[in-house]
Amino acid sequence: MKDINEDIAWAKINTDVLKSLENPRKLYWVILAVAIAMIAVAVGCETYQYQMGMGVANMNNPHVWGLYIATFIFWIGMSHSGTLLSAILHLMHADWRKPIYRFAEAMTTFSLMTAGLFVMVHLGRLWQFYYSLPYPNERGLWPNFQSPLLWDAMAIFTYLSSSILFLYVGMIPDLAICRDNIHSGWRKKLYTALSLGWEGTDRQWRNFRVTYLTIACFLIPLAVSVHSIVASDFAMSQQPGWHVTSFPPYFVAGALYSGCAAIITLFIILRYVFRFEEYMTLSILKKTVRLTFAISMVWTYLNAVEFASVWYSHDVASKAVLIQKATGTYAPFWWMMIFCGSVVPLILAFKRFQTNIPVLLAVSLLLNLGMWLERWMIVAPTYSHGYYPWTWDHDQWPSFVQWGIVFGSFGWFTLLFMLFCKIFPSVSMYEVKEMVYHRTLAKKNLGSAKGAH
Amino acid sequence: MIAGNAISDRAKDFPKNFAKGFVMMDSSFDRRDFLKVLGWGGATVALTGCGFTSVEDGKETVVSYVEATDFMVPSIGVYYNSTCAQCDAGCSINGRVREGRVLKLEGNPASAINRGKLCGLGQAGVQHHYNPDRVREPLLRNGEKGEAITWEKAYALIAEKLQGVSGEEIAFLTGAMSGHTKVLLENYLASFGCKNHFAYEAIAPGVVRAANKKAYGVAMPRFNISKAKLVLSFGADFLGSWVSPVHFSQQYGQFRKGADGQRGVLVQVESKMTLTGANADRWLVVRPGTEGILALGLVNALGTASGDVAAAVKDYDRARVSKDTGVSVEQIDKLVALLKSHSPSLVLAGSAAEGYAHGSQNAAAINLLNQVLGNVGKTVVGPVSVPFPQMSPVVGNTAALANVSDALDAGKYKVMFSCGVNPVFSAPTAMKFQEHFAKVGFKVAFAHYLDETALQADLVLPLDSALEDWGTSVPEYMAGDDAQINIQQPLMERLHANTRGFGDILLALLKQRNPESYKNYTDYYAYLRGAVLQNKNALGGSGADDDEFWDASLSNGIFKLAGSVANLSGSISAGSLSLPNAPVADAQYPLHLIPSVNANLRDGRNANQPWLQESPDPLTTIVWDSWVEIHPKKAAELGIVEGDIVEVAGKNGSIKAQAYLFPGIHPDAISVPLGRGHEAMGRYAKGFGVNPFHILDAVFDKETGELAMHETRVKVSKTGQRVIVVKDEGAAGGKQMGKKIAVRLNTDHVDLSKEV
Amino acid sequence: MSVSNLLENWAEFRHTHPVDDVPHDPYKWAMSIDLDACTGCNACSVACYAENNLPVVGKEKFLHGQSMHWMRIERYWDEDGRDFPDQGAQFLPMMCQQCEAAPCETVCPVGATNHTPDGLNSQIYNRCVGSRYCSANCPFKVRYFNWYDYPTTDNVWPAEMSQQLNPDVTVRGKGVMEKCTFCVQRLTSAKNTAKNEGRIVHDGEVQTACQQACPPGAISFGNLVDADSKVFKQWKAQHVEIAEFEQAKDRGEQDNKLRGYRILEELRSYPSVMYLERVRETAV
């Protein structure tokens, strides 16, 4: 089975993709409205929290971090899928990535933008957040370079700017196509400006390839380091359940995992909404699903490694946290995480489900639920069962404020993504053409070979 | 250093340096000017800037900080000595004042009672003073409301109501009283020929006083805890709320170190663990009411008694005692061995022992044990008494409440004054005090807050806080070798312009009766100063200049006098000792209700001080609410878990509160803390918790007539509601989960003599 | 403001191990608490509220675990399954242990919590952004966060109550972390006085609020550098070394007659508070 049908004419590709930029359907507006409403909920909650103090989120001593940090890690994790698809697979010449990497990259950028907000929301004194940046000042006050939280801030900023650059650079030839096919209005101006005078000359293509490859190479270690640093927030601390050496790879695996799951979800949605059946084919979906399955098993393995290393370390406190996770207040969520993260993906091993769209949609959502729970299960149980038993478990159930902001973050992400889809081509036209081009050439070669007979 | 009653921050530690420092207090410092300035003389300066001063109407002038008086230089703390009024122990306090505001209270190291230490209750004295719910104007009842009136009108009204009323028809209900206010009060009552002064304290060792009087000849001997090698306490919570807890705690610190490295051993016998019980080396749980039986059993087992004592205890063999009290024979043997080896010891009878109908017998049995052990004269010694009987304390008790309630019921009084007590809150409903109180024609309440009793009054007179008022007092428990008279002086200017000191009001009322004798005293301050100076020779100031002596006295905060030491009676007699058998189970009301006394909240008069509400109960760590302590076994039997709202029902009503499973209580008993459950008294007290005073049965000690607080029987049932108990303790429930946090070791593993 | 300034700061930023690289001189504040004398009466805790302007948060916030008691008294029961706790309860006053290698200090993104030259773990309210990482990493959970803006919250410091506030101590607004300071305002004042006279602070010259109130005198506080101080003598007598994570007692030396220990010492945060074990009589 071929990834896409090679008979598609280049012009048709342009028309099909550019059509997705045109008049939105009613459903689009509905989704947009829902997304904005969700953001409104979050903004309301945040305003309330800003006015009253963090207490309204129902955090306490010792439970000082809540869903904000968990969701922050979740969104950072999501961002890894784009890099995986566009950069890693690009280097590995996995051509099937071509029709779907664009939106995956957009997802990277937007989930990072969402994650960054959670850092802000989490701060007790949001209005002083700039203290954590190394900006020049008269008093020679620097942030604390020993703090993993500062590494975090730096890594995220770097990663965000690099991903935006990567997304943009990869989009330049497509922006030129847009410029050439749209003849008036603000779009024309926008595409003209953004396509940087792309003409498609040999020299431009050569420079483009080199640039794109360089950024891709740069981005891969960055992506790995970002999530390793997020893992350091925990691994560098002294708390039982956090102070785990295997956390960085575990976090990276978790990140790729949730990213892939999210790609499946968005794949299915875009395929349906924009009628991209010809480009986002079941064959590609199947490959994505297989990749997801593989990562899910890696994640499961690393999970087991973590449990085993805690268990055999004979560190009483860490062990107690592990037992608490499995049997205590958080047990339902923890087992749900195991179920969603390690049991549900087993479905993906069966061939007949690998292309079954309703099943895949449900599974991908469950996987992401599992991955969100994973982050929460990293943050919360350590607080409720730390070194100091006197302070164990007060009432730490997150209040509506925390839930509202977490809920709203999905609206924010949706909004950004929806806007992106209507302004920029969410399928890479020039790269899909490459796939078609190769086939045409091969056919021609085949034909000539036949003629030779 | 000159006679400064105001010494600065620095000066407190380095008096020598002080004179050189930038805060100069030269020897021409004039106390009278100082008083004038702070508003204790005539004209005053607005120091607090809190409004309600007479600056606006030109009676006062504002003094700029640029030329401020030396004792109120901005940012320099000044210390004044005074006396704590949060309970009756009479600890001396040292208040830090800055820019005219009192900020913090410390203990005065010169006092033999607290030696520079102060408990949480005492610390919260500033919250009594700054309490936003204080009464600020005299209030006259107008229907259901109080109408603000002037003091002139209030005094005139009292005079009018007292017109043609005989001395027998007037009653004055107060708490414990001593010093010059007591003198003035008695003079006032004497002017009517009135003998109806009732001193009521809801929680007082009334029975123990009587038993001590019988056994030792004095109501309150001195207990030398620090000299005892073993303290055996029968329910005396001397580290928490009993008699003079700061003094005892301070002694306890020494007792644990031991003079010669031999650490003192504490054994506590009670049915509900108190703070003292929680600190005991051995906490012995006994069946409620059988403390006396155990004491007699120990006397018997010691085998040293003879004569009528031996005869009185011969029936109390170990097997019977063990059966009655629930204390094992083995434990009794150990205790006896320890009593023999650790001499001198000290045996204390506390509120848990005295709270029964046979409380006097219990206390007598416990005192007998002390006598038999030969502790009298060693760890129980004669107290020093102040040579001025007129000033010596009138101690409060609950028998007084019963008396006054009966007399009110009989309609004996037309005018009644109440000061410093809140019987509507603290009297059992069964005594119908509120109903009886309503029969009085004119009720005057002297009050800091609108508490339950003040709300029933016809006229409420707002009092100065203890940190604004002048006074003297004589502690009931005289801790030191010298007799001590405590001085109370204002630590800052009156916060509210229209409150008055109790002494000032009494003086004004006395002037109505007897203008000639008191005309020389413009106010209570003048009276007090006059009184002190008149007698300065006896107070240790012979030959001193009046002003200097007065200033020095205020600076010290106490008068120390060579008082006479009372001799304790040496005779040991089992006299009329007859203890009832162990109580039988009551089918309808199977559980004993033990109303517990929390060191901070006591009888509830301080419940509106938020630090105390938020200070966790030491044993349960619960805050801001009441609870029902129940043994986990009993709870399992009744299907109760922590947080269940349970109904505690007795013969005289019921209360509903959250259950707390507590291992330190006899399974046949439950305990509810006193002090919470106010229906008035302001934002920090009203509506928090329940009031177990109200469901107490009106059972009295047979000899003294004191309310038997522990005699109430109740039943407990679930209501079906459940709450989360608000407490400091986390989910681990006071377990250390294998971690080395609070560690304990046995005596044989320690050598205290080598420690610093 | 330069990179050299950054590098300088970086080099001097923290000690990984106490005392060795920069010895404390002339002060190292430390405490010792005799659990055999402590009665659990809470006087220290109330004194701390009075001295350090701690807000009373009220019932509802206490329920949510948002209480602000810098000094808390913990009460432990025996875990031997007997029906009655017949050797009493165990009380433990717990406040910031002023660790020498404090886990909270390294993680603060803005460097709002630092080690002072006299061995205190200081908290700079103005610099704090409220990330709460310090509290997350504190093994003792003795850091308290301002979940609400207490100065403007009803009934925390209503009109007259606010007059009690200690002007020497900041009133903290929402969003900052706070904790026990060893009454640093008293220490500073005493140090200044001593400096003016060209000497160091004598033992007993300065007391913390909790120490001053403590009725049985269970708390000692002083300068561990000063060989004449009571605290120094106590630590010495108990063979507790500030820069060790295993003491003579743990090694079973001195015939096991020692009772000084530090809590969670194995985490190597090197606390400045030594506790003396509670003693219980075995003969009864």
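Residues numbered from 1 in each chain as written. Chains lettered and ligands numbered in written order. Predicted model: local features only at pLDDT ≥ 70, side-chain atom pairs only at ≥ 80, totals over all residues. Heavy atoms only, no water.

A. Structural detail: the overall build of chain A. Summing up its helical and strand segments, chain A has 15 helices and zero strands in all. A globule of 453 residues ought to have a C-alpha radius of gyration of about 22 Å, and chain A, at 24 Å, matches this closely. Its C-alpha atoms give chain A principal-axis dimensions of roughly 85 × 55 × 45 Å. The burial tally for chain A puts 59% of its 453 residues in the buried class. A sequence separation of at least 24 residues applies to 82% of the contacts in chain A between residues at least 6 apart. Accessible surface, chain A as shown: approximately 18300 Å² in total, 70% of it carbon and sulfur. Looking at chain A, you have 33 positive and 24 negative side-chain charges, and the mean spots of the two groups are 8 Å apart. (Helix = DSSP H or I, 4+ residues; strand = E, 2+ residues; numbered from the N terminus. Rg over C-alpha atoms; globule rule 2.2 N^0.38 Å. Buried < 20%, exposed > 50% of the residue type's maximum accessible area, 1.4 Å probe, protein only. Contact = heavy atoms within 4.5 Å. Areas by Shrake-Rupley, 256 points an atom, 1.4 Å probe, with all protein chains shown as cover. Lys, Arg positive; Asp, Glu negative; His and termini not counted. Charge placed at Lys NZ, Arg CZ, Asp CG, Glu CD.)

B. Just the overall build of chain B, in detail. What chain B contains, in helices and strands, is 26 helices and 29 strands. In terms of its C-alpha atoms, chain B occupies a principal-axis envelope of roughly 80 × 65 × 55 Å. Counting only residues that meet the buried cut, chain B has 63% of its 756 residues in that class. Taking the contacts inside chain B whose residues are at least 6 apart along the sequence as the reference set, 73% of them involve residues at least 24 apart. Considering chain B, the positive charge centre built from 74 side chains and the negative charge centre built from 78 side chains are found 4 Å apart.

C. Focus on the interface of chain C and chain B. Facing the 92 residues of chain C at the interface are 107 residues of chain B. Both sides of the chain C and chain B interface together cover about 8500 Å² of buried area, and 55% of this is carbon and sulfur. Summed over the three residues of chain C that lose the most area to chain B, namely Lys59(C), Gln163(C) and Val284(C), the buried surface amounts to 9% of that side. Linking chain C with chain B are 14 salt bridges, by the criterion used here. Ionic pairing is found between Arg96(B) and Asp168(C), a salt bridge with its closest N-O pair at 2.8 Å. (Buried area = accessible area lost by both parts, 1.4 Å probe. Salt bridge = Lys/Arg side-chain N within 4 Å of Asp/Glu carboxyl O.)

D. Focus on the sheet that holds strand β26 (residues 653–661) of chain B. All names here are of chain B. The sheet built from six strands closes into a barrel, its strands ordered β23-β27-β24-β26-β25-β28 with mixed pairing. Neighbour-to-neighbour, the strand axes of the sheet open up by a mean angle of 45°, direction not taken into account. Relative to strand β27 (residues 669–673), strand β23 (residues 591–596) is paired through five bridges, and the arrangement is parallel. Counted as the bridge partner of isoleucine 594 is serine 671 from β27. (Pairing = 2+ DSSP bridges. Axes fitted to C-alpha atoms, helices over the stretch in contact; angles between N-to-C directions.)

E. Structural context of the interface of chain A and chain C. On the chain C side, the residues contacting the 50 residues of chain A number 55 residues. Interface area, chain A with chain C, both sides summed: about 4500 Å², of which 57% is carbon and sulfur. Among the residues chain A hides against chain C, the three largest losses belong to Trp142(A), Tyr388(A) and Trp390(A). Together they make up 18% of the total. Counting the contacts that link chain A with chain C gives zero salt bridges. On inspection of chain A and its partner chain C, the count reaches 36 residue pairs in polar contact (both at pLDDT 80 or more). If you list the elements that add at least two residues to the side of chain A that touches chain C, you get α2 (26–52), α6 (148–181) and α8 (202–235) of chain A. (Polar contact = N/O pair within 3.5 Å; in protein donor to acceptor, adjacent residues only side chain to side chain.)

F. The arrangement of the packing of helix α8 (residues 206–216) of chain B against helix α16 (residues 359–372) of chain B in detail. Residue and element names in this part refer to chain B. Direction vectors running N to C along α8 and α16 enclose 45°, while the axes themselves pass 9 Å from each other. In terms of orientation, α8 and α16 fall into the oblique class. Where α8 crosses over α16, the two elements pack in a sense that is right-handed. Here Val207, Ala211, Asn212, Ala215 and Tyr216 of α8 come into contact with α16, specifically with Gly359, Ser360, Ala363, Ala364, Asn367, Asn370 and Gln371. In terms of residue class, the contact of α8 with α16 is built from six nonpolar, six polar and no charged. (Parallel < 35°, antiparallel > 145°, perpendicular 65-115°, else oblique. Left-handed = near helix turned anticlockwise from the far one by under 90°. Nonpolar A, V, L, I, M, F, W, Y, C, P; charged D, E, K, R; others polar.)

G. View of the pattern of salt bridges. Considering all chains together, one arrives at 59 salt bridges over all chains under this definition. Here Glu729(B) makes a salt bridge to Arg75(C), at a shortest N to O gap of 2.8 Å. Of this pair, Glu729(B) sits in the loop between β28 (713–722) and β29 (744–746) while Arg75(C) is found in strand β2 (residues 72–76), placing the two residues in two different chains. Each member of the pair, Glu729(B) together with Arg75(C), is buried. Across the pair Arg259(C) and Asp34(C) runs a salt bridge whose closest N-O atoms are separated by 3.0 Å. Taken together, the positions of Arg259(C) in the loop between α8 (230–237) and β9 (260–261) and Asp34(C) in strand β1 (residues 29–34) put the pair 225 residues apart, joining distant regions of the chain.

H. Seen up close, unusual backbone geometry. For the peptide bond that leads from Ser343(B) to Pro344(B), omega is 0°, which places it in the cis range. Here the amide bond leading from Asp25(C) into Pro26(C) is cis, since omega sits at 5°, within 30 degrees of zero. Within the secondary structure, Pro26(C) sits in the loop between α1 (3–12) and β1. The phi dihedral of Asn42(C) is positive, around 80°, even though this residue is not glycine. Its location among the elements puts Asn42(C) in the loop between β1 and α2 (43–52). Owing to a relative accessible area of 3%, Asn42(C) belongs among the buried residues under this scheme. Although it is not a glycine, His239(C) sits at a positive phi angle of roughly 55°. Looking at the secondary structure, you find His239(C) in the loop between α8 and β9. Looking at His239(C), the relative accessible area reads 31%, which means it is partly exposed.

I. Up close: the domain arrangement of chain B. The domain boundaries assigned to chain B delineate domain 1 (7–130 + 467–498 + 520–561), domain 2 (139–202 + 398–462), domain 3 (206–383) and domain 4 (591–722). Centre-to-centre separation of domain 2 of chain B and domain 3 of chain B, based on C-alpha positions: 39 Å. (Domains from an automatic or database assignment.)

J. Main features of the environment of Pro138(B). Within the element layout of this structure, Pro138(B) appears in the loop between α5 (125–129) and β5 (139–142). When sequence neighbours within four positions are dropped, the list of residues in contact with Pro138(B) reads Glu147(B), Ala148(B), Ile149(B), Thr150(B), Trp151(B), Ala154(B), Val460(B), Leu461(B), Pro462(B) and Asn498(B).

K. Main features of the packing of α6(A) against α8(A). All names here are of chain A. One can describe the packing of α6 onto α8 by two numbers: an axis separation of 9 Å at closest approach and a directional angle of 155°. The angle between α6 and α8 falls in the class roughly antiparallel. Between α6 and α8 lies a crossing of left-handed hand. Counted by class, the contact of α6 with α8 contains 21 nonpolar, six polar and two charged residues.

L. Examining the nonpolar core more closely. One finds Phe234(B) and Leu92(C) to be the most contacted residues of the largest nonpolar core, which totals 334 residues. Among the elements that line this core, the one with the most residues is helix α9 (residues 247–273) of chain A, at 16 residues. Excluding its chain neighbours within four sequence positions, the residues that come into contact with Leu92(C) are Tyr388(A), Ile741(B), Ala742(B), Leu35(C), Arg72(C), Ile73(C), Glu74(C), Tyr76(C), Tyr261(C), Ile263(C) and Tyr275(C). One finds Tyr188(B), Tyr518(B), Phe559(B) and Leu561(B) within the second-largest nonpolar core, a separate group that totals 57 residues. (Core = buried A, V, L, I, M, F, W, Y, C linked by side-chain atoms within 4.5 Å.)

M. Highlighting the confidence of the model for chain A. Predicted confidence across chain A gives a mean pLDDT of 87, with 95% of residues reaching 70 or more. Here residues 449–453 of chain A is a poorly scored stretch, pLDDT under 50, and it has zero contacts once near neighbours within four places are set aside; other chains count. (pLDDT = per-residue confidence, 0-100.)

N. Looking closely at the sheet that holds strand β11 (residues 265–270) of chain B. Residues and elements named next belong to chain B. The four strands are arranged β12-β11-β10-β13 in an open sheet whose pairing can be described as parallel. Looking at strand neighbours, the two that pair on one side only are β12 (282–285) and β13 (345–349), the edges of this open sheet. Looking at each pair of strands side by side, their axes are set apart by 15° on average, direction ignored. Where strand β10 (residues 230–234) and β13 come together, five bridges link them in parallel fashion. Looking at β13, one finds that leucine 230 is bridged to serine 345.

O. Region of the structure containing the packing of aromatic side chains. Applying the stated criterion across every chain yields a total of 83 aromatic pairs over all chains. With a centroid separation of 4.9 Å and 50° between ring planes, the pair formed by Trp75(A) and Phe410(A) is classed as tilted. Separated by 335 residues along the polypeptide, Trp75(A) in helix α3 (residues 67–78) and Phe410(A) in helix α14 (residues 400–423) bring together distant segments of the chain. Take Trp75(A): its relative accessible area is 0%, and that puts it in the buried class. What makes Phe410(A) partly exposed here is its relative accessible area of 31%. Arranged with centres 5.9 Å apart and planes meeting at 55°, the rings of Tyr525(B) and Trp550(B) form a pair that is tilted. (Phe/Tyr/Trp six-rings, centres within 6.5 Å; stacked < 30°, edge-to-face > 60°.)

P. Summary view of α6(A). The terminal C-alpha atoms of α6(A) lie 48 Å apart, and with 34 residues this matches the ideal 50 Å at 1.5 Å per residue to within 8%. A maximum bend of about 50° is found in α6(A) at Ile172(A), where proline Pro173(A) lies one to four positions downstream. (Expected span 1.5 Å × (residues − 1). Bend = angle between axes of the 7 residues up to and from the residue.)

Q. Spotlight on a nonpolar patch on the surface. Residue and element names in this part refer to chain A. A grouping of Leu27, Val30, Val34 and Tyr272 is seen on the molecular surface, where their side chains present a nonpolar patch of about 380 Å² in accessible area. Tallying contributions element by element places α2 first for the nonpolar patch, with three residues. The residue valine 34 is located in helix α2 in this model. (Patch = residues over 30% accessible without salt bridge, like charges linked within 9 Å, V, L, I, M, F, W, Y side chains within 5 Å.)

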